[in-house]
Every structure is written in structure tokens, then in C-alpha cells.
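# Secondary and tertiary structure notes
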Amino acid sequence: MTVITAAIKNGQVSISSDTQLNFGSLKVHANYVHNRKKIFQVNNSAIGITGWSATSQILEHLTETQPELFNLNSRWEIFETLLSLQEKLKDDYFIETNEDSDQPVESNQLDGLIVNENGIFQFSSYREVHQYEKFWSIGSGRRFALGAMHALYDTKASAQEIAEAGAKAAAEFDDGCNLPLKTIVLDIA
């Protein structure tokens with residue numbers, strides 16, 4: 001499991017993640033895993049991914065080898081990027097697109113948050129894209145994270161402090177998350 005948090009405030013946007021790796025009930029602390037990334041930078045954006053390690057590695061590979069595929073500056077650009085990646089995910093990376101029999105569209109098995117100078121965007125495995133004005137969180141422990149970020153947002157805390165407080169709250173109270181954190185801060189216009 002994973003928690004990804006993001007906050008936007010005072011000319012900056014920040015994204016944070018925990019670093020724990022899980023294999024079912026087996027928790028693997030970051031001390032045991034080399035280069036456990038859950039946040040990837042591509043072009044002018046940072047993407048945080050939750051879910052399966054396999055899908056995270058697929059996205060990491062794509063961002064490093066084909067960054068030109070990622071247009072992430074608006075809700076519609078992200079949606080179109082996800083649409084254009086679908087066949088590649090199936091054909092080149094063998095993504096299993098079935099989740100359950102009642103799903104409305106084919107899945108890409110990717111859930112994440114994107115931050116860039118235009119804000120905070122969440123996307124889901126069915127290519128839904130939503131933009132958030134202040135802060136957001138996804139993954140295991142997101143309810144704890146959202147509560148912590150809500151409590152801090154109207155204080156003097158920076159975007160980084162808000163995002164990190166959310167991830168720390170998730171790591172403290174949810175068994176799917178653990179410290180240390182990884183954080184990226186970007187300036188916005």
C-alpha cells in the first residue's frame with residue numbers, strides 16, 4: 001500500500017509519499033529496499049502512484065524512456081495522455097485490464113496524483129481526472145492524511161509542511177504506510 005499527498009499554497013505545490021513496500025501482510029521498510037520510488041518526475045510534473053509495484057515500475061519506465069508521451073498540464077491533457085497510453089500498457093507491458101464484471105470501461109490499473117505549476121490532479125484506473133484547489137490524498141491512510149492537511153491548511157504552514165503532515169499522519173495510523181517520506185516541491189506561477 002501507499003499514501004500520496006499533495007498541497008498547493010503560496011506559490012508552491014508539494015507532493016509527498018511514504019516509502020513502505022507491502023507484499024500482502026509482509027511489510028518491507030525502506031531500509032531493506034533500494035531505490036523505492038513512488039513519485040516520478042516527468043517534464044514539468046511529478047507523479048505519485050499507488051497500487052501494485054508492477055504498475056508503478058511500468059509508469060517509472062515510461063516516464064524515463066518516453067517522456068514525450070506525458071502531457072500533464074490540464075485535466076483534459078492528462079485524460080488524453082491516459083487514453084493514448086492504454087494500448088501501450090496492454091501491448092507492451094501486458095496490463096490486465098479486468099478488475100470486476102461491472103466496471104464501465106477497461107482499466108489501466110493506474111491510480112495517482114500529479115502536481116505541476118497548474119495544480120493538483122488525481123487520476124484513476126478508469127481514466128477519471130479531477131483537479132483539486134488546496135490539497136488531496138490517495139492510497140492507504142488517505143483519510144488520516146486528509147484530516148491532517150485540513151487541520152493545517154488555514155495556518156501559516158507551507159505546501160510542503162501540509163503535504164508532509166498528511167503523509168506522516170497516514171504513516172502513524174495506517175499499517176500500509178511508513179516513514180521515511182519522499183517529497184518534491186515545485187514552484188507555480
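Residues numbered from 1 in each chain as written. Predicted model: local features only at pLDDT ≥ 70, side-chain atom pairs only at ≥ 80, totals over all residues. Heavy atoms only, no water.

### Looking at the packing of aromatic side chains
What counts is decided by this rule: By convention, a stacked pair of Phe, Tyr or Trp rings (six-membered ring in the case of Trp) has centres within 6.5 Å and planes under 30 degrees apart, an edge-to-face pair has planes over 60 apart, and any other such pair is tilted. Criterion for a charge above a ring: Arg CZ or Lys NZ at most 6 Å from the ring centre, at most 35 degrees from the ring normal.
Applying the stated criterion across every chain yields a total of four aromatic pairs. With a centroid separation of 4.3 Å and an interplanar angle of 5°, the aromatic rings of Y132 and W136 are classed as stacked. Of note, K9 hangs over the ring of Y153, and the distance from its end group to the ring centre comes to 5.3 Å. Of note, R75 hangs over the ring of W76, and the distance from its end group to the ring centre comes to 4.8 Å.

### Side note on the packing of helix α1 (residues 53–65) against helix α2 (residues 75–93)
Filter applied, for reference: Here an axis means a line fitted to C-alpha atoms, over the contact stretch when the element is a helix, while the angle between two N-to-C directions is reported on a 0 to 180 degree scale. Only DSSP runs of H or I with at least four residues qualify as helices, and only runs of E with at least two residues qualify as strands; both kinds are numbered from the N terminus onward. Throughout, the term roughly parallel applies to angles under 35 degrees, roughly antiparallel to angles over 145, roughly perpendicular to angles from 65 to 115, and oblique to all others. What makes a crossing left-handed is the near helix being turned counterclockwise from the far one by less than a right angle; a clockwise turn instead makes it right-handed. In what follows, a contact means two residues having at least one pair of non-hydrogen atoms within 4.5 Å. Residues are sorted three ways: Asp, Glu, Lys and Arg are charged, Ala, Val, Leu, Ile, Met, Phe, Trp, Tyr, Cys and Pro are nonpolar, and all the rest, Gly among them, are polar.
Contact pair α1 / α2: the axes reach a minimum separation of 12 Å and the direction vectors enclose 110°. Overall, the two elements α1 and α2 adopt an arrangement that is roughly perpendicular. Here α1 and α2 pass one another in a crossing that is right-handed. Packed against α1, whose contacting residues are I58, H61 and L62, the element α2 presents L85, K88, L89 and Y93 at the interface. Partitioning the contact of α1 with α2 into residue classes produces five nonpolar, one polar and one charged.

### Here we look at the environment of P180
We count it as follows: Burial classification: accessible surface area is computed with a 1.4 Å probe over protein chains only, and a residue below 20% of its type maximum counts as buried, one above 50% as exposed, and the rest as partly exposed.
Structurally, P180 can be placed in the loop between α4 (159–173) and β11 (182–187). Residue classification places P180 among the partly exposed positions, given a relative accessible area of 38%. Not counting chain neighbours up to four residues away, the residues in contact with P180 comprise S17, D18, T19, H29 and A30.

### Here's the deal with the pairing of strand β8 (residues 119–123)
Short version of the rule: When DSSP locates at least two bridges between a pair of strands, those strands are taken to pair.
The buried count for β8 comes to five of five residues, which makes it a mostly enclosed element. Taken together, strand β7 (residues 111–116) and the strand that follows it, β8, pair antiparallel across an intervening segment of two residues. As paired strands, β8 and strand β9 (residues 129–132) are joined by four bridges and run antiparallel to one another. Residue I120 lies in a different strand from β9, and its bridge partner there is Y132.

### Overview of the sheet that holds β8
With antiparallel pairing, the five strands of this open sheet are ordered in space as β5-β6-β7-β8-β9. Among the strands making up the open sheet, the edge pair consists of β5 (39–42) and β9. Averaged over all pairs of adjacent strands, the angle between strand axes in this sheet comes to 25°, irrespective of strand direction. Strands in contact with α2 are β7, β8 and β9; relative to β9, the strand with the most contacts, it is inclined by about 150°.

### Points about unusual backbone geometry
Put simply, L179 and P180 share a cis peptide bond, and its omega is 5°. For N10, which is not glycine, the phi torsion reads 50° and is therefore positive. Looking at N10, the relative accessible area reads 70%, which means it is exposed. Here F94, not a glycine, exhibits a phi torsion of approximately 60°, which is positive. Here F94 is to be found in the loop between α2 and β7.

### Side note on the sheet that holds strand β1 (residues 3–9)
Read across the sheet, four strands follow the order β10-β1-β2-β11 without closing on themselves; strand pairing throughout is antiparallel. On the outer flanks of this sheet lie β10 (135–139) and β11, each paired with one strand and no other. In this sheet, neighbouring strand axes are inclined to one another by 10° on average, regardless of whether the strands run parallel or antiparallel. In terms of strand pairing, strand β2 (residues 12–17) meets β11 through six bridges, oriented antiparallel. By the bridge assignment, S16 is partnered in β11 with T183.

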